[in-house]
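One-letter residues, chain by chain:
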Amino acid sequence: MTWRTVARRDWRLTVDARSAKVLLALVVLGVLLAGYIYPVVTTEPYTTSRFPAFVEGILTTLVPFVGVLLGYNAVVSDRESGAIRLSLSLPQSRSDVVLGTYASRTGLLAGTLAGSLAVAGALVVYPFGELQLGRFLVFVGLAVAYGAVWSGLGIAVSLAVATKRRALVVGFVFLFLFVVVWDALEAATALGLSAAGLVGDELPAAVELAFGLEPGRAFGRATAGLVDPTRSVEGAWYLGGWAAVAVLALWVVGPLGLAYARFAGRDLT
């Protein structure tokens, strides 16, 4: 058995789960609604290069929520029930379990994002919009990478803890920190530094870099810098579009790698 076998089995189980269907349907409905109303509430020109700025807020709200809830119980539920020991008694390793599960859950979210964005793009183009295919394909790729970040964070949490309750709590801590309060933390930091007389109108480069590492910020900068010709990314080179792509790549690899290192060395009894 290999990670592909694990991926196929996990894919079937996840697709059959009602909760997964509901979560993925939320993504589809949000993206299609954005594609439908974009030509109604915005001004011309209606293009698939300007649409990403409109749908970005929906994606940075829904995708983290769906990614974490898809991934948080991926491995820990089998560990809690004891099924993980039976699985590992077969000719497959812990790395096969992790890679197969990640491929399955991320593939589901990626396929949902790509398909719903394709239909939304058609809604933008028909009947008065303009298709700018190259830029739109870049945006779809960035959205898939953003989904891979959050499904990976969910699975990383599932690998790192011993119970589903802890996994859910840690997953929602990530959501609360990065999705809900990150902007407020940045504003509070700027206000505090300004009140102390340490900064002027702009934050120090190191602070800007630290806050810019948040996945949603990186996704937004990559979209602005590489997709939408009417937008630009201000600031130093490390806040640019290509640097943001590198940040997303690190978010894909880093948390999952650290969690796997913890999982590989733990006693699962």
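Caption draft 1: Main features of the overall build of the protein chain. In terms of regular secondary structure, the protein chain is built from 12 helices and 0 strands. The C-alpha radius of gyration computed for the protein chain amounts to 20 Å, which stays within 12% of the reference 18 Å derived for 269 residues, consistent with globular compactness. Seen along its three principal axes, the alpha-carbon backbone of the protein chain occupies a region of about 60 × 55 × 25 Å. Relative to its full complement of 269 residues, the protein chain shows a buried share of 44%. Put simply, 79% of the contacts in the protein chain that link residues at least 6 apart link residues at least 24 apart. Summed over its atoms, the accessible surface of the protein chain is roughly 13200 Å², and 66% of this surface lies on carbon and sulfur atoms. Treating the 20 positive side-chain charges of the protein chain as one cloud and the 17 negative ones as another, the clouds have centres 15 Å apart.

Caption draft 2: The arrangement of the packing of helix 3 (residues 51-71) against helix 11 (residues 215-226) in detail. Running from amino to carboxyl end, helix 3 crosses helix 11 at an angle of 165°, the nearest separation of the two axes being 11 Å. Overall, the two elements helix 3 and helix 11 adopt an arrangement that is roughly antiparallel. Note on packing geometry: the crossing formed by helix 3 with helix 11 is right-handed. Where helix 3 abuts helix 11, its residues Pro52, Glu56, Leu59 and Thr60 lie against Gly216, Phe219, Gly220 and Thr223. Of the residues that constitute the contact of helix 3 with helix 11, the class distribution is 3 nonpolar, 4 polar and 1 charged.

Caption draft 3: Molecular detail of helix 8 (residues 164-180). Compared with an ideal rise of 1.5 Å per residue, which puts 17 residues at 24 Å, helix 8 spans 23 Å between its outermost C-alpha atoms and is within 8% of the ideal. Buried within helix 8 we find Ala167, Gly171, Leu175 and Phe178. Here the buried residues of helix 8 occupy an arc of 90° about the axis, which is enough to place them on one side. With respect to the buried face of helix 8, the exposed residues turned more than 90 degrees away are Arg165, Arg166, Val169 and Val180. Considering only its buried residues, helix 8 is in contact with helix 3, helix 4 (76-81), helix 7 (133-160), helix 9 (182-195), helix 11 and helix 12 (241-264).

Caption draft 4: Region of interest: the environment of alanine 264. Mapped onto the elements, alanine 264 comes out in helix 12. Along the chain, alanine 264 and alanine 160 lie 104 residues apart, while their C-alpha atoms are 9.9 Å from each other.

Caption draft 5: Quick look at the pattern of salt bridges. Per the stated rule, a full pass over the model turns up 4 salt bridges. Among the salt bridges present, the one from aspartate 10 reaches arginine 105, with a minimum N-O distance of 2.8 Å. Of the two residues, aspartate 10 sits in helix 1 (residues 3-16) while arginine 105 sits in helix 6 (residues 94-125), which places them 95 residues apart along the sequence. Exposure class is identical for aspartate 10 and arginine 105. Each is buried. Between glutamate 56 and arginine 231 there is a salt bridge whose closest N-O contact spans 3.4 Å. Of this pair, glutamate 56 sits in helix 3 while arginine 231 sits in the loop between helix 11 and helix 12; the two residues are 175 residues apart in sequence, bridging distant segments of the chain. Residue class for glutamate 56 comes out buried when judged on its relative accessible area of 14%. Each of Asp183, Glu186 and Arg217 takes part in one network of salt bridges that share partners.

The rules behind these values
Residues numbered from 1 in each chain as written. Predicted model: local features only at pLDDT ≥ 70, side-chain atom pairs only at ≥ 80, totals over all residues. Heavy atoms only, no water. Helix = DSSP H or I, 4+ residues; strand = E, 2+ residues; numbered from the N terminus. Rg over C-alpha atoms; globule rule 2.2 N^0.38 Å. Buried < 20%, exposed > 50% of the residue type's maximum accessible area, 1.4 Å probe, protein only. Contact = heavy atoms within 4.5 Å. Areas by Shrake-Rupley, 256 points an atom, 1.4 Å probe, with all protein chains shown as cover. Lys, Arg positive; Asp, Glu negative; His and termini not counted. Charge placed at Lys NZ, Arg CZ, Asp CG, Glu CD. Axes fitted to C-alpha atoms, helices over the stretch in contact; angles between N-to-C directions. Parallel < 35°, antiparallel > 145°, perpendicular 65-115°, else oblique. Left-handed = near helix turned anticlockwise from the far one by under 90°. Nonpolar A, V, L, I, M, F, W, Y, C, P; charged D, E, K, R; others polar. Expected span 1.5 Å × (residues − 1). Arc of directions from axis to C-beta. Salt bridge = Lys/Arg side-chain N within 4 Å of Asp/Glu carboxyl O.

Bear in mind that shape data such as this cannot, by itself, settle questions of function.
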